[in-house]
Amino acid sequence: MRLHHLSITAFGPFVETAEVDFDALSDAGLFLLSGPTGAGKSSVLDAVCFALYGAVPGDRQDAGRLRSDQAPVGLTPQVTLEVTLAGRRFQVVRSPAWDRPKKRGTGMTREQARVTLSERVADEWVHLTSRLDEAGDLLGGLLGMNLDQFCQVAMLPQGQFQAFLRAKPDERQRLLARLFRTGRFERVEAWLRDHRLSLRRASEAHARTVGDLVSRLSEAAHRAVPEGAEDALSEWADDVLSEAETRHTTAARAVPQAAETQQIAAAELTAARDLAAARERVVAAAAAVERLDLQGERHAADVDRLDRARRAAAVLPLARLVDERRQAHADAEAAAAASVEEARRQGLDHDDVLAELERTSDRLATLTTLLPAEQLVGDLREQRAAAENRLASLARDDELDSAEAAALASLTDELRRTQGAIDEEIGALPDLQAEVDRLHRIAQAHDDVARLTTELDEATAEHTAARTAVVDLRQHLLDLRERRIAGMAAELATGLVVGGDCPVCGSADHPRPAVPSDAQPTADAERDAQRAVDDAQAVELAQQLRVRDLERALTTAREVVGDTDAAGIRQRLADAESRSQVARERVAQGEVVAARLEQTSARAAEIEKAAAERRVTSAELATTVEHLGMRIAEVEAQVCELRGEHAELRGAVAELTHRRDLLRRVRDDAAALAAARAALDDATTALGRAALEAGFDTADDARTAALPPESLAALEDAVQAHRTALAAARQVLDEPDAWTLLTTPEPDLAGAETRSRTATETLERVRAADETAARTHERVRRLVGELTTALAAWTPVRDELALATRVSAFAEGKAADNRLQMRLSAYVLAYRLSQVVAAANARLAGMSDRRYSLEHVATRGAGETRGGLSLVVRDDWSGEARDPGTLSGGETFVVSLALALGLADVVAHEAGGADLQTLFVDEGFGSLDAETLDDVLDILDALRENGRAVGVVSHVAEMRHRIPTQLVVSKARTGSTLDVVG
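Residues numbered from 1 in each chain as written. Predicted model: local features only at pLDDT ≥ 70, side-chain atom pairs only at ≥ 80, totals over all residues. Heavy atoms only, no water.

### Some points on the overall build of the protein
Link 1 in the chain: Looking only at helices and strands, one finds 26 helices and 16 strands in the protein.
Link 2 in the chain: In the protein, which comprises 982 residues, the share counted as buried stands at 36%.
Link 3 in the chain: A sequence separation of at least 24 residues applies to 74% of the contacts in the protein between residues at least 6 apart.
Link 4 in the chain: Only carbon and sulfur atoms are counted for the fraction: they give 52% of the accessible area of the protein, which is about 56,000 Å². (Helix = DSSP H or I, 4+ residues; strand = E, 2+ residues; numbered from the N terminus. Buried < 20%, exposed > 50% of the residue type's maximum accessible area, 1.4 Å probe, protein only. Contact = heavy atoms within 4.5 Å. Areas by Shrake-Rupley, 256 points an atom, 1.4 Å probe, with all protein chains shown as cover.)

If you want it as structure tokens, here you go:
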């Protein structure tokens, strides 16, 4: 990987576009990235990481604010990087997510991250992709490293490696695991552990299955489970099966003998029951014949009564018909008497009903024809009254609108005169307002002159004090620097060590090193004094700019004031504002008058339009009234001609309708009475004839002999039952063996039943025992088969579980044959750490004059539970191994730099031997003495082999003298800038 060109816009502290030509810096091989703290040195490296990976290292990515806070609102943040990867030259253009103003409306909207990746082909840039995922996959594949590994290999962060050097083993393990991506080994450990747990669960499931089968087999065979290993279960199961077979065979032999005994007893019981039943049947028949013979007279009476009831049943329908018609005749007779009585009360001629009914119908028809004409007269009179009321209402509306129209005409003239006067006053308002604005500006200028004069005096005094403070602080800095230079020998003497060379004379002997005094200034004191001078100068510059701004503002305010008087201007302003307020009020009044005039005119137009419409309506209504009067007179003449002597047609029609209905009812009731009398005579004749034909003298005799249906059916059943029972009993007694059965003794039925029941119970018990033994034998045979299968399935699972347990314990460092007691992942990391230590010692020997070397301690360290990743530093001068925490600041930097370079070499090799042509080494050089700094620079200079460019990030002044080619980052209020010098 080689960087060629970097362009940064609105990213981090860089507001304007800043460009870096790495090709020019690479010509020098070693260059310095310098600048004050907070200027943006780390932001240059962040821009490189962001272009390649779309992210920045460490906590800065979590902050989520990559865009410059000082950039203009609509400026897009962007990083452009040209880089060569695997022999191919690419251009990467990336923009982070940021909030931009909405194109429509107000507020902000989220602009998503974007990327454009192009490749240089035949002197032209060929677009490859604009997708974030595709660009990340392509660049990551060519680099062969993730972001953490790239930062560790190409950025060499010294602060992190000092922490790594002094870290606890578990913290060092997390960093190494992230860099070397040893997660696959942890996944192997997890898989082994999960595989072991899975096998254990499977083995436990098999054990539960076997235990359940053993329990069920023990319950089925009533045999206790033997104690011991699982191997004895097979023999025990075979014994249980053999015993069940023996029981089944014994029970099966007892069934035939018990069945034969039961069959003999059942035959005896059947013969006894048959004899008892036959004898009981003959005895019952003899008793029945004797009993029925005694009931002969009653049976004959029932037969005679049944015959009379059956003959009377044929006469009963006619008797019921006579009763119904007799009741109908009585009802018709009562109705006819009632209608005649009502006609007599009404004064009607009930003797000649038909003639009276005809006369009444004729008169009713004549009056009915007059009803529509009489109704029409009433309707026409109501219409004429409604039209006359409407004419009166319209006349009243005309009077009211005429009065309102006169009032509106007078008001309109008055409003027009008022509006003319207001229009004249409105014309003078613009000039009056302009005068108010001019006087207001002059009055404001008077106030500004007084205020600015006071502020200028205060600012001038503060500027003078700040300038005096700068002079005093600069003089203090010079005095401090002179005193430090005078005591520099004592300061150098504090860095001498036994056996070390003097940085001034080169001698390894130090007989009388200078001793610093109590008032000897230190480098920190000098830096603090310089920082105080810089801060005071910034304050003095700010005060100077403030004085200049106030002077300009005061001059402008005095030009506006001129030679005017403040009190006079304020009085004139008050008068002008008063007149302007009166004019604005008149303008508001004019608007009210105009609106009122518009309303008045509209109302007058509405009144005129309504009056015209009423005139048309009144003429139409007058014509309608006249026409209705003529029509009423015409219809009334027709009604009077037809009505004759009747005053009210409706009452006469109702009276005649009632008379007609009453006459019709008298006629109909008389006809119904005659029909009922004829029907009754016919039914009485038919009833007498039917009674004689049935054998009865009169109809009343037939009624007496008749029986209800329920009694008739009961009598028939009794007669038939007597005949049937007598015939059946005599048939039984007529059988050949009836006399023999009557003289035979009664059999012992109870004894036969007892013997048969005992034999049956014995057979059922024997069969139940046989079935139980058969079921037990079948169940035992099935369970033994299942147990054999379960034991066969459990055996390989137990063997595999034992193997998985041994392998998993070994990988987790818990097995006895794991001598180091280290986990698999820790062992891999320990091996990688040993590689890092070997690579670091190759560089540390040159940087420490072969005094120090790193050692990896693989044994368990303090606080560790599985194998260690501890580091110690061996001091070859004393022969002792030291904890890294005992090193001085300079020694810690040298050792951590060697460790960083060694880790970079191993990570690069792990990534496939990535060729990094551009490296950066971060802060930490300020803690080195001159000789150690030379050794470190020699190591860094050796990194330039094969055309590699090495960038050193530092703000130490000594580095600026030793490395002439520099990329300088400058900071200002408007943003940081980049410049290449040397």
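Still more to cover.
### Considering the nonpolar core
Link 1 in the chain: Ranked by internal contacts, the top residues of the largest apolar core, which has 46 residues, are L6 and L52.
Link 2 in the chain: Sorting elements by how many residues they give to this core places helix α2 (residues 41-53) first, with nine residues.
Link 3 in the chain: Excluding anything up to four places from it in sequence, L6 contacts A18, E19, V20, F22, V44, A47, V48, V79, T80 and L81.
Link 4 in the chain: Judged by nonpolar contacts, the second largest core, of 34 residues, contains L869, L897, L903 and I963. (Core = buried A, V, L, I, M, F, W, Y, C linked by side-chain atoms within 4.5 Å.)

### Examining the packing of helix α9 (residues 232-294) against helix α22 (residues 749-811)
Link 1 in the chain: Axis separation between α9 and α22 bottoms out at 7 Å; the angle between their running directions is 160 degrees. The pairing of α9 with α22 is recorded here as roughly antiparallel in orientation. Note that α9 runs across α22; the crossing there is left-handed.
Link 2 in the chain: Broken down by class, the residue content of the contact of α9 with α22 amounts to 27 nonpolar, seven polar and nine charged. (Axes fitted to C-alpha atoms, helices over the stretch in contact; angles between N-to-C directions. Parallel < 35°, antiparallel > 145°, perpendicular 65-115°, else oblique. Left-handed = near helix turned anticlockwise from the far one by under 90°. Nonpolar A, V, L, I, M, F, W, Y, C, P; charged D, E, K, R; others polar.)

### What about the packing of aromatic side chains?
Link 1 in the chain: The final tally for this structure, using the stated rule, is one aromatic pair.
Link 2 in the chain: Aromatic side chains F11 and F50 sit 5.6 Å apart centroid to centroid with 35 degrees between the ring planes, which places their arrangement in the tilted category. Of the two residues, F11 sits in the loop between β1 (2-9) and β2 (18-21) while F50 sits in helix α2, which places them 39 residues apart along the sequence. Across the pair, exposure class does not vary: F11 and F50 are buried alike.
Link 3 in the chain: Directly above the ring of W794 sits R798, whose terminal nitrogen or CZ lies 4.5 Å from the centroid. (Phe/Tyr/Trp six-rings, centres within 6.5 Å; stacked < 30°, edge-to-face > 60°. Lys NZ or Arg CZ within 6 Å of the ring centre and 35° of its normal.)

### Observations regarding the side chain of S808
Link 1 in the chain: Position of S808 among the secondary structure elements: in helix α22.
Link 2 in the chain: In this structure the side chain of S808 is engaged in a polar contact, spanning 3.0 Å, whose partner is the side chain of R196.
Link 3 in the chain: The residues touching S808, leaving out its near neighbours within four places in the chain, are L192, R193 and R196. (Polar contact = N/O pair within 3.5 Å; in protein donor to acceptor, adjacent residues only side chain to side chain.)

### Points about the pattern of salt bridges
Link 1 in the chain: According to the stated counting rule, one finds 19 salt bridges in the structure shown.
Link 2 in the chain: Here R546 ties to E462 by a salt bridge, and the two come within 3.5 Å at their closest N and O atoms. One end of the pair, R546, is in helix α16 (residues 523-561); the other, E462, is in helix α14 (residues 429-486), with 84 residues separating them in the sequence.
Link 3 in the chain: Residue classification places E462 among the partly exposed residues on the basis of a relative accessible area of 39%.
Link 4 in the chain: The partner of E771 in a salt bridge is R775, with the nearest N and O atoms 4.0 Å apart. Residue E771 and its partner R775 are both found in helix α22; the two are separated by four residues, about one turn of the helix.
Link 5 in the chain: Relative accessible area serves as the criterion here: at 46%, E771 is assigned to the partly exposed category.
Link 6 in the chain: Since its relative accessible area comes to 53%, R775 is described here as exposed.
Link 7 in the chain: The structure contains a network of salt bridges with shared partners spanning R100, E111 and R114. (Salt bridge = Lys/Arg side-chain N within 4 Å of Asp/Glu carboxyl O.)

### What to know about the environment of A409
Link 1 in the chain: If you trace the backbone, A409 turns up in helix α13 (residues 371-427).
Link 2 in the chain: Residue classification places A409 among the partly exposed positions, given a relative accessible area of 40%.
Link 3 in the chain: When the C-alpha positions of A409 and A604 are compared, they lie 7.9 Å apart, and in sequence the two are 195 residues distant.

### A look at the pairing of β2
Two faces, one strand: in a regular strand the side chains alternate between the faces of the sheet.
Link 1 in the chain: What you see with β2 is a clean split: A18 and V20 sit on the buried side and E19 and D21 on the side with no burial.
Link 2 in the chain: Two elements, β1 and β2, share four bridges in a ladder whose sense is antiparallel. Considered in β2, the bridge of H5 is made with D21. (Pairing = 2+ DSSP bridges.)

### A short note on helix α23 (residues 824-847)
Link 1 in the chain: The end-to-end C-alpha distance of α23, which contains 24 residues, comes to 34 Å, matching closely the 34 Å that a straight helix rising 1.5 Å per residue would cover.
Link 2 in the chain: Along α23, the sharpest kink reaches roughly 30 degrees, centred on N841.
Link 3 in the chain: D849, located one to two residues past α23, shows a positive phi value of around 55 degrees. (Expected span 1.5 Å × (residues − 1). Bend = angle between axes of the 7 residues up to and from the residue.)

### Considerations on the sheet that holds strand β11 (residues 870-875)
Link 1 in the chain: In space, the three strands of this open sheet follow the order β10-β11-β12, with antiparallel pairing throughout. With partners counted over all chains shown, the strands left at the sheet margins are β10 (852-857) and β12 (880-882), one partner each. Across the sheet, the mean angle separating the axes of adjacent strands is 40 degrees when strand polarity is ignored.
Link 2 in the chain: Across the sheet, α23 lies against β10 and β11, angled at about 175 degrees from β10, the strand it touches most.

### Regarding the packing of helix α8 (residues 183-221) against α23
Link 1 in the chain: Where α8 meets α23, the axes come as close as 8 Å, and the angle between the chain directions of the two elements is 160 degrees. Between α8 and α23, the crossing angle belongs to the class labelled roughly antiparallel. Considering only the axes of α8 and α23, their crossing is right-handed. Contacts between α8 and α23 involve F185, E186, V188 and E189 on the former and, on the latter, L824, S825 and V828.

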